[in-house]
Structure formats: structure tokens, C-alpha cells
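# Reading the structure
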Amino acid sequence: MQFRNHRLKNGLEIVAECNDQAHSLAVGFFVRTGARDENDSITGVSHFLEHMAFKGTPLRSADDVNRAFDEMGAHHNAFTSEESTVYFAAILPEMQPASVELLADLMRPSLRKEDFDTEKEVIIEEIRMYEDQPPYRADDILKARYFKEHPLSRSVLGTVASIQGLSVGQMQDYFADRYGPDNIFVAAAGRVDFDRLIEQVTGLCDHWPAVHARRETPPAPAHRGFESIHRASSSQQYILQMAAAPASADKDRFAAKLVATILGDDSGSRMYWDLVDSGIAEQASLGHSEYQGAGLFYAWSCCAPDRANSVLASIHAIYQAAEESGITQQELAQAKSKVKARVVLGSERPRNRLFSVGGNWLSCREYRSVADDLQDIENVTLDEVHELLAKYPLSINTTLTIGPSRDIRPVPSTAQIA
Amino acid sequence: MKRFCPPLAFLTPRTGETPVTPTIFTHIFDNGLALVAEPSEGAESAAFTFLVPAGCSYDPPNRAGLAGLVCEMTIRGCGTRDSRSFVHDLEILGVERGESVGIALASYSGATIHDHLAEALDIYADLLRRPRLPADQLEASRQVCLLELASIDDDPVHKLMLELRRQHYPDPWGRNSHGNVDTLNQITIGDITRFHASQFQPNGTIVGVAGKIEWPAVVDQIGELFGDWEPVKGMALETTENIECVRHLEMPSNQTQIGIAYSSVPYRHPDYFQAWGAVGVLGGGMSARLFTEVRERRGLCYSVQASLNTQRDRAAVLCYAGTTSDRAQETLDVLHQELVRLGQGIRADELSRLKARIKSSLIMQQESSSARSGAIAHEWYHLGRARTLDEISRLVDNLSAESINAFLAAHPPKDFTVLTMGPEPLELPRAVS
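What counts and what doesn't
- Residues numbered from 1 in each chain as written.
- Chains lettered and ligands numbered in written order.
- Predicted model: local features only at pLDDT ≥ 70, side-chain atom pairs only at ≥ 80, totals over all residues.
- Heavy atoms only, no water.
- Helix = DSSP H or I, 4+ residues; strand = E, 2+ residues; numbered from the N terminus.
- Rg over C-alpha atoms; globule rule 2.2 N^0.38 Å.
- Buried < 20%, exposed > 50% of the residue type's maximum accessible area, 1.4 Å probe, protein only.
- Contact = heavy atoms within 4.5 Å.
- Domains from an automatic or database assignment.
- Buried area = accessible area lost by both parts, 1.4 Å probe.
- Salt bridge = Lys/Arg side-chain N within 4 Å of Asp/Glu carboxyl O.
- Polar contact = N/O pair within 3.5 Å; in protein donor to acceptor, adjacent residues only side chain to side chain.
- Pairing = 2+ DSSP bridges.
- Axes fitted to C-alpha atoms, helices over the stretch in contact; angles between N-to-C directions.
- Core = buried A, V, L, I, M, F, W, Y, C linked by side-chain atoms within 4.5 Å.
- Expected span 1.5 Å × (residues − 1).
- Nonpolar A, V, L, I, M, F, W, Y, C, P; charged D, E, K, R; others polar.
- Arc of directions from axis to C-beta.
- Parallel < 35°, antiparallel > 145°, perpendicular 65-115°, else oblique.
- Patch = residues over 30% accessible without salt bridge, like charges linked within 9 Å, V, L, I, M, F, W, Y side chains within 5 Å.
- Areas by Shrake-Rupley, 256 points an atom, 1.4 Å probe, with all protein chains shown as cover.
- Lys, Arg positive; Asp, Glu negative; His and termini not counted.
- Charge placed at Lys NZ, Arg CZ, Asp CG, Glu CD.
- 1 Å grid on protein atoms, 1.4 Å probe; cavity = no way out; pocket = protein on both sides within 12 Å on 5 of 7 lines; lining within 4 Å.
- Points joined across faces, edges and corners; volume = space filled by probe spheres on them.
- pLDDT = per-residue confidence, 0-100.

### Regarding the overall build of chain B
Per the secondary structure count, chain B includes 15 helices and 13 strands. Relative to its length of 433 residues, chain B is compact, with a C-alpha radius of gyration of 23 Å against a globular reference of 22 Å. Looking at chain B as a whole, 61% of its 433 residues are labelled buried. Taking as baseline every contact in chain B between residues at least 6 positions apart, the subset at least 24 positions apart corresponds to 81%.

### Quick look at the domain arrangement of chain B
All names here are of chain B. On domain assignment, one finds that chain B holds domain 1 (25-226) and domain 2 (246-422). The C-alpha-based centres of domain 1 and domain 2 are spaced at 28 Å. Contact with domain 1, which involves 35 residues of that partner, is made by 33 residues of domain 2. Summed over both partners, the interface of domain 1 with domain 2 buries about 2,900 Å², with 71% contributed by carbon and sulfur atoms. Viewed at the interface, domain 2 and domain 1 are joined by 1 salt bridge. Across the salt bridge formed by Arg372 and Glu38, the nearest N and O atoms sit 2.7 Å from each other. The tally of links from domain 1 across to domain 2 stands at 10 residue pairs in polar contact (both at pLDDT 80 or more).

### Considering the sheet that holds strand E7 (residues 225-230) of chain A
Residues and elements named next belong to chain A. Pairing is mixed in the open sheet, where 5 strands are placed in the order E7-E11-E8-E10-E9. The open sheet has two free edges, formed respectively by E7 and strand E9 (281-290), since each of these has just one partner strand. Each adjacent strand pair in this sheet contributes to an overall mean axis angle of 10 degrees, direction not counted. In the packing of helix H11 (residues 308-325) onto the sheet, the strands contacted are E7, strand E8 (237-245), E9, strand E10 (295-303) and strand E11 (398-403), and the crossing angle to E8 comes to about 20 degrees.

### Some thoughts on the pattern of salt bridges
Under the criterion given, the structure shown has 62 salt bridges over all chains. Two residues, Glu72 of chain B and Arg76 of chain B, come together in a salt bridge whose shortest N-O distance is 2.8 Å. Given a relative accessible area of 13%, Glu72 of chain B falls into the buried group. With a shortest N-O distance of 2.8 Å, Glu163 of chain B and Arg166 of chain B are connected by a salt bridge. Of this pair, Glu163 of chain B and Arg166 of chain B both sit in helix H5 (residues 156-168), 3 residues apart, roughly one helical turn. The exposure class assigned to Glu163 of chain B is buried, which follows from its relative accessible area of 16%. A cluster of three or more residues bridged by salt bridges with shared partners is formed by Asp265, Lys338 and Arg342 of chain A together with Glu91 and Glu96 of chain B.

### Regarding the nonpolar core
Across soluble globular proteins, nonpolar side chains have a tendency to be buried as a group. Counting 132 residues, the largest nonpolar core has Phe297 of chain A together with Tyr108 of chain B as the members making the most contacts within it. Both domain 1 (25-226) and domain 2 (246-422) of chain B contribute no fewer than three residues apiece to this core. Judged by nonpolar contacts, the second largest core, of 57 residues, contains Ala104, Phe116, Met171 and Leu197 of chain A.

### Considering helix H13 (residues 369-383) of chain B
All names here are of chain B. Between the first and last C-alpha of H13 there are 21 Å, a value that for 15 residues agrees with the 21 Å anticipated at 1.5 Å per step. Taken as a whole, H13 has its buried residues at Ser369, Arg372, Ser373, Gly374, Ile376, Ala377, Glu379, Trp380, Tyr381 and His382. A positive backbone phi angle near 75 degrees is found at Gly384, which sits one or two residues after H13.

### Some thoughts on the interface of chain A and chain B
Taken together, the contact between chain A and chain B spans 64 residues of the former and 68 residues of the latter. Between chain A and chain B, roughly 5,400 Å² of surface is buried when both sides are summed, and carbon and sulfur atoms account for 52% of that area. When the buried area of chain A at its contact with chain B is split by residue, His23, Glu125 and Trp273 of chain A rank highest and sum to 13% of it. With a closest N to O distance of 3.7 Å, Arg327 of chain B and Glu121 of chain A form a salt bridge. Counting across the chain A and chain B interface gives 34 residue pairs in polar contact (both at pLDDT 80 or more). At the level of elements, helix H2 (62-71), strand E4 (75-80), strand E5 (85-91), helix H4 (113-132), helix H10 (270-276), E9, helix H12 (329-346) and helix H13 (350-364) of chain A are the ones that each hand at least two residues to the side of chain A that touches chain B. Taken together, the residues that form the side of chain A that touches chain B break down as 24 nonpolar, 20 polar and 20 charged.

### Considerations on the environment of Thr331 of chain B
Residue and element names in this part refer to chain B. Structurally, the position occupied by Thr331 is in helix H11 (residues 328-342). Separated by 30 residues in the primary sequence, Thr331 and Cys301 have C-alpha atoms spaced 8.0 Å apart. With sequence-adjacent residues up to four places away left out, Thr331 is seen in contact with Ile258, Val294, Leu300, Ala321 and Thr323. Here the side chain of Thr331 touches Arg327 through a polar contact of 2.8 Å, landing on its backbone oxygen.

### Observations regarding helix H7 (residues 168-178) of chain A
Residues and elements named next belong to chain A. Taken as a whole, H7 has its buried residues at Val168, Met171, Tyr174, Phe175 and Arg178. The buried residues of H7 all sit within an arc of 120 degrees when viewed along its axis, so they share a single face. If you follow the buried residues of H7, they end up packed against strand E3 (25-31), helix H1 (45-53) and H4.

### What to know about the packing of helix H9 (residues 272-283) of chain B against helix H15 (residues 401-410) of chain B
All names here are of chain B. Contact geometry of H9 with H15 gives a least axis separation of 9 Å together with a crossing angle of 95 degrees. When the interaxial angle is binned, H9 and H15 end up roughly perpendicular. Here Gln274, Ala275, Gly277 and Ala278 of H9 lie close against H15, whose contacting residues are Ser403, Ile404, Phe407 and Leu408.

### Some words on a negative patch on the surface
Residues Asp115, Glu119, Asp122 and Glu224 of chain B make up a contiguous surface patch of negative charge. Inspection of the secondary structure puts Asp122 of chain B in helix H3 (residues 117-129).

### A closer look at empty space enclosed by the protein
Under the definition given, this model contains 5 cavities of 30 Å³ or more. By volume, the largest cavity is sized at about 80 Å³. Lining the largest cavity are Asp70 of chain A together with Gly280, Val281, Gly284, Ser287, Ala288, Glu350, Arg353, Leu354 and Arg357 of chain B. Secondary structure elements with two or more residues in the lining of the largest cavity: H9 and helix H12 (348-365) of chain B. Top element by residues in the lining of the largest cavity is H12 of chain B. It accounts for 4 residues.

### Focus on unusual backbone geometry
In this structure, Pro135 of chain A follows Pro134 of chain A across a cis peptide bond, with omega equal to 5 degrees. As for its position among the elements, Pro135 of chain A is in the loop between H4 and helix H5 (138-147). Note the cis peptide between Asp171 of chain B and Pro172 of chain B, where omega equals 10 degrees. Looking at the element boundaries, Pro172 of chain B is found in the loop between H5 and helix H6 (181-186).

### Structural notes on the confidence of the model for chain B
All names here are of chain B. Per-residue pLDDT for chain B averages 92, and the proportion of residues at 70 or more is 94%. Confidence over residues 1-20 falls short of pLDDT 50; this stretch has 37 contacts with residues more than four positions distant or in other chains. We note a pTM of 0.94 for the whole complex and an ipTM of 0.93 for its interfaces.

See below:
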């Protein structure tokens, strides 16, 4: 396993974790752009643009793009988040050159008006699909309530109205502002021919003009809030909570992952024993999401509507007990075993390593090996976990519920509507 | 104890560009339990899958959901461990585990770092043979199952596809393992212990193990743990004759969900790979016909797919699309048109793209111990043997447009089961039953 990196004259960086023992490799173009870089007039444009990259380039039609990926046997896709748009392919080693050429071509899409109009319908279908599924886009509503004016408050998908209102010209302008070599990097993992990768990316991308894109990464202060949305057609009540947590470059993010595991992993955690094992809630979990400049603890639960108040009270009691009485050495050891095993098991597939290598480069311009992650997890002490709980109290959170119940009360009762 | 050595399939290791395909070892114990294992040099993990003949097809009709409730009860303590120490000990070993209940089988799987495999298998022997099935946890377990059942109502795609299977397959093969509220509420602790006693048994149980493992150690340990497990006579299948069929389920949603099913050939049929190839041309990859015609050309939906769902003795192609209600009729018409067109044959270029995807999938499957332990166990279930990835790869190589078209001429998509769900029913295309 060897880390290698290279930077082109125009600023485009190439990073790779090369593993000669792997059967395959994964390669991706990571664009440092997402919902947090949008404004009200272009809400949803990053994700829409990701779809448009597959609709053709000066060299290829949309059919050509789809056929080319399939011909190389690629497992390919793309995704857009709050802070990145990633295009990737998992392929066999002999397909490295073909997949890099195709992915690089996608980074220069034609953005044709007629394709834009057809794809707009697909995006709207995607939004409507999520509107029909739990939590009925309440996650977007909660993000807006929690982050308020912060750039991370923005929806990745946008709304039917914001997508309908977008013009192809706005997308072209956004593309010109964000898709430059100084705002994109190439990451690869697995059986990578790195010298060939440098040679090829240089030939394909060194003429791309720089864009000097900027991003604001302010902190996001914690605050209490509560809202309940009535949705008669839902059979269950869904409870979502957000609270402050370490950001992607914070050293205490490993302690945060362990806290989330101890309190809210989907098996063996305090929420699991109190709520799921007992059959009170169908799900109850806590996770940690990290962004540049801000992080989130994100709790999710669903239960029968008439149980929602007691579930909310139980979750709050779990937070309070952790903050006041701490956690045990045994819980910490169990969580470390679990998280470390997941890191090792997840690292076997090159495509998983791609997202780890790319994710670290995106947020910190740092390479972290599997061993680095295992060491940092192991090094977390009980004191550090308790300091984290004091610094990022889960009991100060913004709560949103959605479902058929009209009788959901905030816990603690002093929480105000945000 | 009898041993089948040397292994069923042995390939001389090769060097060079193509990674070596591992060897598969098998052993059948006197009590009927089958062990299938595939060591992999490059892995750091080891994974296991237990397939137990305890699927929901064995549920008595007035106890629908029993297999699922038994599965939930088995993870609430076993042997010397109560439910907390069961979970705790597995988590200290770093075992990522999962349980599921299907039509014929219940599956218990886990993966961990290789040097913890032996201890994990010890715990799973307790789980399968000596679960505590604690009566004082029946109500909590029942609540878990009732909540899972309720969650389906909020998941339109899942709900549609469960109902499509129920209507397409003859009972008990289309059952939903979640059962229903009335039958779940009737299940007693006696039902649980009886089901466990008759279905959790070596005859029909398959163990798949893969990753960084030593075959002699694995076969010895499985022998010690399960060699004296007594086979018993399992429960008889009870079927319900009258399956109520509806064409449309009312739902106040934005989108209309469309499901279409038609019969195909199962995994152990000699023509399975022909059927698989045909479905791949229809719904595999972004250059496949459904994605191209329904989403890319017409922008009718975000999600459209087709897959071949195989049981041991029957199979069906299941197609799905979800779209805004005012465009649902067009989507159904285009879907139907593409299914009929598939019967007219495929082109060689479509097949060559599909082969490229399948072959890279097969090679990438070797990078996951979990995927391999499940795959070899299921191979054994379907075939009574487990093929290496090289053997499967050769079967894929042998596919041709001519062979698939001959299959399609003999088995054109027809006799469709169509189900829609949304605010308004749709008009069925002609020739749709």
C-alpha cells in the first residue's frame, strides 16, 4: 500500500492509494462544489449539473457515455452532497485508461438546452420520489432549521419550484465558476498505475482554465429548537434531531464517532437497548456527519405515533445520562472494537478506499491510511469522550418530528420553536 | 463423519494479469449439514453465512410472520449468554452481523477480522442450536416485528414489490415474511419453540465460509460444533389456495408506482444464464433498454429497473418504475412495449456490454469475503454444489446473442402480472392479464 500524489501546473491534484494486491481499482473526479456553494436563485444546481454531465460532451452523446461505461464493465455513478460532487468508476486494471478518459470528458459537459429540459423532468421525479418516502424530506427542513443562515442549510436536491425556475444559462455560469482544475482533484485507490494516471490526466486536463472558486466555512453554533409537522398519510412518527459536533478537520472527530456508536449505533448501543430491543421504536440511531467548519450529531427514530412522546423523552434521558454520568470503559472498548472492525472490513474494496482517500483530501488535503484511522480510534481516552460530551452537548439539539400525531411535545419542555 | 477431499473444484494457481480464482472446498456431514468454503489469500477478513431451512414458506397460514419472529427471538440470548452478552461478545470480536428471513431460508451472516472467526463460529453454534428463546422477551420481539410490518406502509416501492410477488407466485412462494398484525398477535412461545425444533436442524442447513481461512481448521471446528446435531423431520408446507388479486392499490402519493412481473427460469435451470442475459439487456446498467427508453429518452422517471428473482424451483422477472401520476400511463405503456420488444431478440453489442459488466462484477466479488460466503452458500442451495468464479465466468463467456434469442423465442415475456399504486388506477396495455 503506497500513497502517491502529484499536482499539475494548473492546480489539479492527483492522489492515490496504490495497492498491487487488489483485483480492481476505483477512480473518481472530486469537484469541490455542492449545495453549500449555491444561493437562493440556483438551489439544486450542483446536483442537476451532476446529472447533466452524463447527458453528453462535445465528443459524446448521452447514449455514447452510457455505452462507454458499460463497455468497460464499469460500476460507475456520481453523487452530490453539501460540499462535493463526485464522479467515479470501479473497474478492472486494464480499463484504467478508458475510464479516466471518459470521466475527464464528463468534466467538460455540453450542457445542451434540450437535454437540460428533459433531465429537468428526471430531477423533478427524483424530488417527488423522496417526497413520498420517509421522512418526506423532513431532513431538508430540519437542516434549514438547524443551520439557519449557514451555507450548510441548503438542500442538495432543491425543490420542484427551484428546479423548474433554473435556466441552462445559470447552470453554465455555475459550471464556469466551479469546475476548474484548482477546484477539482482526481483520486484513485486499488491496483492503480499511478505513472500512467499522471500522464493521462496531464494530457486530458492541463489546458483547463483555473476558476479561483471560494467557499465560506463558518462555524455553526448549537441551539435548541422544536417543530412537529402533521402528515396524516404516514403510518409512523419520524423523529429527527441535529446537534453540534466536531467538523471534518477536528481532532476530536474520532471521539465523536465513538460517542455516536456508544449511544446510537444500530446494535448494542444505549438507544438500541432502551428503544429498539424493547420494541418501543422501530429504529433509533445516532450518527456523526462532518463538514468543513462544522459537524453534526444526527439522530433518527421512527415509532408508532402514540409512542413518540415517550421515545423523545427516552432519547433525551440517554443524552442527559451520558452528559451527567459519562460512559463506561467497557462501552468505550466495545465501541472501539466495532468501529475498528468496520474500518478494516470496509477497506477491502477499492471503491470504499476511494471515498475514504477522496473524502480526507477533500476536507483536509491529507492522506490517511487504514492504520492511521485505527490508531486514532484506539488512542481515544475516556476523558476525551467526556470532554467531547461537555463541549458538544447532545441535549441541546434541534428536533423535528413528522407523522400523523398532532400531540408531540418538546423535551425539555422549554425548547422553543426555532 | 465423511469427508469429500480433495475439494470439489480445484484450479491450478496462475500468475500474471488475471488474479487467481480461489479454490472451493466442500464437506457434507453425516447429519446432512453442508459446509462450503473458499479461502482467499489477499483478504484480512473472514466471513460466514448460515442458511437454515426456516423461511416463511413454513409459516402455518394462521401464524404468518412466525419465521420472522423466531429469527428475532434467536438473537435474544443463546447458550451461556443472555441477549446483552451475546451482542457484547460479538461486538468485542468486531463481528458485523446480519439476519434475514426469506421464503425458504433464514440467513445468519457475519464478517470479522480473520483471527476472530473461530470464536464467532462458537457463538453462532449456540445461536442456531441452543437459543434461549426467552418467553419474557416474546412481547418485545413481537413489537419489533409489528413495527417492521408497519414501516412497509410508509415505503411505497417496498410495499408495491411485496404485493407484486404475492400476486405473481403461487402461495407460499410469494409470501411476505413480515406476516400480518392478526397472525403475529396469535403467535405463542409454544409456536416459537416448535418452529425452532423442527426447522433449525442440520438437514438442509448450509454453511458458507470465505476470506482468510484455513480449510482444515474450519472443517474440524464446524464438525465439532455441529457434527452431533440431530436431524429431525421438518414442518410440512401449508398453502393458502385463494390469493386475492388486485390491479391497483390506492395511495395518496405524488408518484404512481408500477410493478410488472413475468415468469422465468430458476438458477438451476440449464437456460438460467440465457434468461439472466436477456434481463441484463433489459435492465442492467445505464445503457440497458429500460434506462435508455424510459429515463434517458423520455425523462419519465428517476428510477426504473428489472431483475431476475430466483427461487430454487421458480423464478420471475420483476420490473419497477415510479413516476408522477400524470405521466404514469405513458410509463406503463413504454415499459410494456419494451418487454414485448425483448421477446423479439437482443443484439450482439448489447450482450457484449453486459458481459463486460458481469465479468468485472465477478472479479470484484472476490474483494469481499462477505459477498463470497453468501454466494457460495447460495450456490450450494440452488445446485447442490458450488461453482468457482472461473466456472461461472466461462458460462458467461459462452453466452451469445443467438443463444439468448433462441431462449427468448421459446420463452418470450408474457402473461404479465401488473400492479400499480398511487392516486389513480391505470389502463392496462392490451394483452396484459
